[in-house]
Amino acid sequence: MKKKKDLALTLLHGFGIAIAVMVYGMLPVTVNADNRVFNRIATFPVYLNTDVNLETVAEIIDASKDGKTLVYTDSQTKKLGFVDIKKPDQPKALGAIDVGGEPTSVAVAGRFALVAVNSSPNFIAPSGHLHVVDIQSQTIVATHALAGQPDSVAVSPDERYAAVVIENERDEDLGNGEPPQAPSGLLQIIDLKGKPEDWSIRNVSLDGIAGVFPDDAEPEFVAINEHNIAVVTLQENNHIALIDLATGSIVNHFTAGAVDLHQIDTKEESPALIDLNGSLSGIPREPDGATWISSELFATADEGDLFGGSRGFTVFDTQGNVVFSSGNTLEHEAVRLGHYPDDRSKNKGNEPENIAFAEFGDERFLFVASERSSVIFVYKLKGSSNTPTLLQTLPAGVGPEGVKAIPKRNLLVSASENDSREDLYRSVITIYRLESGRPAYPTVTSANRADGTPIPWGALSGFALHPREDKKLYSIHDSFYQQSRIYVMDIHKKPAVIVDEIVLKDDGQTVNLDAEGIAVSATGDGSFWIASEGAGSVDELSRPVANLNVLVHVAPDGSVIETITLPDAVNAKQRRFGFEGVASVIEGGSEVLYVAFQRPWVDDPEPNNTDDGGKVRIGRYDRARGEWMFAYYPLDVRQSPNGGWVGLSEITTLDQGRFVVIERDNQSNTDARIKRVYAFSVSDMVFRPEGESFDTLRKTLIRDLLPDLKATGGMVLEKIESLAVTRTGDLLFANDNDGVIDSNGETQLIRIKGVFRPSSGQGHRFDHRGRDND
């Protein structure tokens with residue numbers, strides 16, 4: 001067949017609108033006519049089936065027929081894992097069994113789990129086997145040798161057949177890493193008749209059908225419809241084959257075609273910059289995962305490999321016609337939600353890897369797993385045309401690959417394969433439930449710029465409320481992104497909406513700060529103060545001082561007015577954990593700035609990690625006198641089983657003479673122990689200049705944030721870095737998502753209502769309500 005080329009932007013012209021381009025200040029259209037959405041209810045770290053210190057993987061996942069037991073492949077430990085979800089919001093470890101190689105896929109047939117296992121000694125002698133595992137007893141009841149290295153297994157809806165893709169993947173380090181490399185791959189059909197040990201296997205050659213590498217099929221994924229027709233993706237060949245499992249014959253095959261993409265980011269900068277002004281032409285889809293929507297329609301996740309990756313998904317009919325192409329909309333949605341992986345801009349962007357279809361009652365859904373943005377895009381299919389329309393986007397673990405819907409229990413699960421305790425993320429299984437109400441995620445989104453593209457954002461590192469408008473919140477990003485800017489956020493909307501951006505400029509040129517704190521000037525002139533953290537330490541040869549800590553005074557339009565540095569004697573003690581927040585107050589008729597340092601500097605009291613957490617500086621700068629003074633803040637002793645440190649991440653004004661700070665450890669997930677808000681008063685304190693002995697502040701616990709973070713259904717996030725208190729006493733806090741590097745990209749902006757109440761005495765604006773986590 002002739003190679004097809006169809007414009008991805010036909011989405012906006014011919015096949016219906018999945019994400020409509022709206023005017024500035026509005027959000028994309030989503031559909032929720034039935035008022036049911038998916039919300040995350042639990043997250044299961046898969047190391048619970050092995051050991052906390054082991055690297056583990058949850059890659060492909062399926063469920064028992066009653067939907068109460070999950071089975072997943074763990075290629076890292078060469079095991080098949082089991083999870084009890086009788087109570088889906090309280091998943092329990094059921095253990096894991098050895099499978100004698102690298103499990104690459106699993107599918108359930110009756111009471112059995114069919115596990116494809118790669119046992120190849122090398123690329124030129126691929127081998128594998130299929131274990132048949134009794135789910136309840138967790139025992140292998142039969143094993144079948146396969147024709148090579150398996151990559152995907154599927155079971156037909158009537159459980160008459162199983163199909164196994166034998167990929168026989170290439171050696172990417174051989175030559176230019178491209179096919180052809182013998183041996184070629186194929187499809188194996190297993191007739192599930194009789195006892196598992198009696199099942200028979202038939203081979204289907206896929207050679208000669210693709211035009212790119214006809215002698216090296218290298219199939220990737222298989223899915224089966226109700227008529228026992230299998231769709232097989234040949235990713236590197238950018239080809240798709242349809243196979244009748246009853247006869248083993250290829251009933252059709254065609255190219256997956258190519259797309260043109262516009263208004264996407266195609267460059268990778270350092271520091272990062274999300275720039276949606278790029279275009280790509282004639283990009284092969286190179287699909288990975290596939291799913292049937294009906295007997296005539298199927299969808300593919302167009303991940304890309306050698307030459308392509310359309311950054312979206314496609315719906316085809318069985319004649320090879322494109323019925324729907326998502327165009328640039330997944331890229332834009334990832335940007336809008338702060339989940340865009342800028343370090344993948346030159347490659348495949350958000351990289352959708354897998355896709356699943358399911359019917360929940362009379363509602364039909366498509367679930368698209370984005371490997372690099374670590375989200376699940378949820379689409380509803382409406383009408384006879386089956387046009388996908390975006391419903392919502394769900395947070396997943398880092399690198400979701402497996403997706404399984406369990407309609408009989410109103411559940412959806414995803415398996416995320418990336419795991420690194422050292423880098424503070426774990427491989428997890430995420431459980432979602434379809435329920436009435438509103439989506440709990442996202443908590444922050446962005447409006448469109450004038451050109452119709454979403455305002456890019458991420459790595460939020462500080463909050464400051466407008467002094468008179470509680471609905472207006474200012475935020476900043478840290479040094480992960482260049483061209484520093486202030487985000488203007490409407491927090492009366494749910495989710496909160498970034499409606500504008502103020503780009504910082506010095507003499508007309510953009511500036512690159514490590515902005516870690518922001519305050520609206522207490523003078524009332526509408527200006528801002530930004531705390532920019534320095535880089536490097538005087539006592540680390542491998543990380544010498546590259547930048548100093550500075551306070552930057554910024555006009556309402558983003559122009560830099562002035563910068564303030566620490567005294568030379570203090571800079572001589574710099575460590576790379578410096579300014580983390582700034583607050584502006586009026587004392588004695590003039591403006592005074594308070595800054596929080598993150599961790600002790602040279603000669604400051606160090607923690608002993610037993611009963612003394614050490615002390616960190618709170619700096620006080622009197623603008624009228626141009627004078628720095630300091631006091632110490634006592635840190636909590638670290639408690640994490642993974643070690644690490646404890647420090648400050650934010651400071652904000654509570655009322656006259658009182659401040660609140662975030663104190664946290666640098667741990668996440670089940671290793672996190674300290675995410676707390678403390679208050680302290682400076683009214684009876686004496687701040688002293690460098691060279692004198694500093695007094696120590698007295699702190700009061702306001703709230704332990706761990707229960708609030710756990711209540712989101714996800715793993716505890718590490719960098720809680722932004723904090724604000726509204727005029728009515730609500731507490732707002734959020735995490736820094738690290739620009740989606742070693743992170744699932746999740747941003748949780750959480751409002752705790754009524755933490756403080758208006759005060760009637762002592763000149764204070766607020767009293768703490770005196771109860772924690774109510």
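Residues numbered from 1 in each chain as written. Predicted model: local features only at pLDDT ≥ 70, side-chain atom pairs only at ≥ 80, totals over all residues. Heavy atoms only, no water.

**As for the packing of aromatic side chains**
Argument step 1. Within this structure, the stated rule accounts for 27 aromatic pairs.
Argument step 2. Ring geometry for phenylalanine 579 versus phenylalanine 597: centroids 5.3 Å apart, planes at 80°, classification edge-to-face. Placement of the pair is phenylalanine 579 in strand β42 (residues 579-587) and phenylalanine 597 in strand β43 (residues 590-597), with a sequence separation of 18 residues.
Argument step 3. Note on phenylalanine 579: relative accessible area 0%, which makes it buried.
Argument step 4. Looking at phenylalanine 597, the relative accessible area reads 0%, which means it is buried.
Argument step 5. Over the face of the ring belonging to phenylalanine 577 we find arginine 599, whose NZ or CZ atom lies 4.4 Å from the ring centre.
Argument step 6. It is lysine 699 that lies over the ring of tyrosine 678; its NZ or CZ is 4.2 Å from the centre. (Phe/Tyr/Trp six-rings, centres within 6.5 Å; stacked < 30°, edge-to-face > 60°. Helix = DSSP H or I, 4+ residues; strand = E, 2+ residues; numbered from the N terminus. Buried < 20%, exposed > 50% of the residue type's maximum accessible area, 1.4 Å probe, protein only. Lys NZ or Arg CZ within 6 Å of the ring centre and 35° of its normal.)

**Looking at the sheet that holds strand β27 (residues 387-395)**
Argument step 1. Spatially, β24-β25-β26-β27 is the arrangement adopted by the four strands of the open sheet, whose pairing is antiparallel. The open sheet is flanked by β24 (352-360) and β27, the only strands paired with a single partner. Geometrically, the sheet is characterised by an average inter-axis angle of 25° between neighbouring strands, direction not taken into account.
Argument step 2. In this sheet, strand β26 (residues 375-382) lies alongside strand β25 (residues 363-370) in antiparallel orientation, the contact comprising six bridges. If you follow alanine 369 over to β26, its bridge partner there is isoleucine 376.
Argument step 3. Taken strand by strand, helix α1 (residues 329-336) contacts β24, β25, β26 and β27, and its axis lies near 130° from that of β26. (Pairing = 2+ DSSP bridges. Axes fitted to C-alpha atoms, helices over the stretch in contact; angles between N-to-C directions. Contact = heavy atoms within 4.5 Å.)

**Focus: the pairing of strand β1 (residues 36-45)**
Argument step 1. Burial analysis of β1 places nine of its ten residues in the buried class, which makes it a mostly covered element.
Argument step 2. Bridge count for β1 against strand β30 (residues 428-436) is nine bridges, and the pairing is antiparallel. Of the residues in β30, the one forming a bridge with arginine 36 is serine 436.

**Observations concerning the nonpolar core**
Argument step 1. Counting 39 residues, the largest nonpolar core has Leu551, Tyr594, Ile618, Trp628, Tyr633 and Phe680 as its most contacted members.
Argument step 2. At the level of elements, β39 (528-532), β42, β43, β44 (615-622), β45 (627-634), β46 (646-655), β47 (658-665) and β48 (675-681) are the ones that each hand at least two residues to this core.
Argument step 3. Sequence-distant contacts of tyrosine 594, defined by excluding residues within four places in its chain, comprise Gly581, Val582, Ala583, Val585, Glu587, Ile618, Gly619, Arg620, Ile651, Phe659, Val682 and Phe687.
Argument step 4. Core analysis: the second largest hydrophobic core is formed by 21 residues, Val660, Val677, Ala679 and Leu706 among them. (Core = buried A, V, L, I, M, F, W, Y, C linked by side-chain atoms within 4.5 Å.)

**What about α1?**
Argument step 1. With respect to burial, α1 is a largely interior element, eight of its eight residues being buried.
Argument step 2. After α1 finishes, the residue glycine 338 shows a positive phi value of roughly 75°.

**Some words on the side chain of aspartate 671**
Argument step 1. Relative to the helices and strands, aspartate 671 resides in the loop between β47 and β48.
Argument step 2. Look at aspartate 671 and you get buried, because its relative accessible area is 7%.
Argument step 3. Not counting the four nearest positions on each side in its chain, aspartate 671 is found in contact with Arg421, Ser640, Pro641, Asn642 and Asp665.

**Looking at the environment of threonine 255**
Argument step 1. With respect to the secondary-structure elements, threonine 255 resides in strand β17 (residues 249-255).
Argument step 2. Note on threonine 255: relative accessible area 11%, which makes it buried.
Argument step 3. Sequence-wise, threonine 255 and glutamate 286 are 31 residues apart; in three dimensions their C-alpha atoms are separated by 9.3 Å.
Argument step 4. One polar contact links the side chain of threonine 255 to the main-chain carbonyl oxygen of asparagine 238, over a distance of 3.3 Å.
Argument step 5. Of the polar contacts made by the side chain of threonine 255, one reaches the backbone nitrogen of glycine 257; its length is 3.0 Å. (Polar contact = N/O pair within 3.5 Å; in protein donor to acceptor, adjacent residues only side chain to side chain.)

All quantities given are derived from atomic positions and should not be read as evidence of function.
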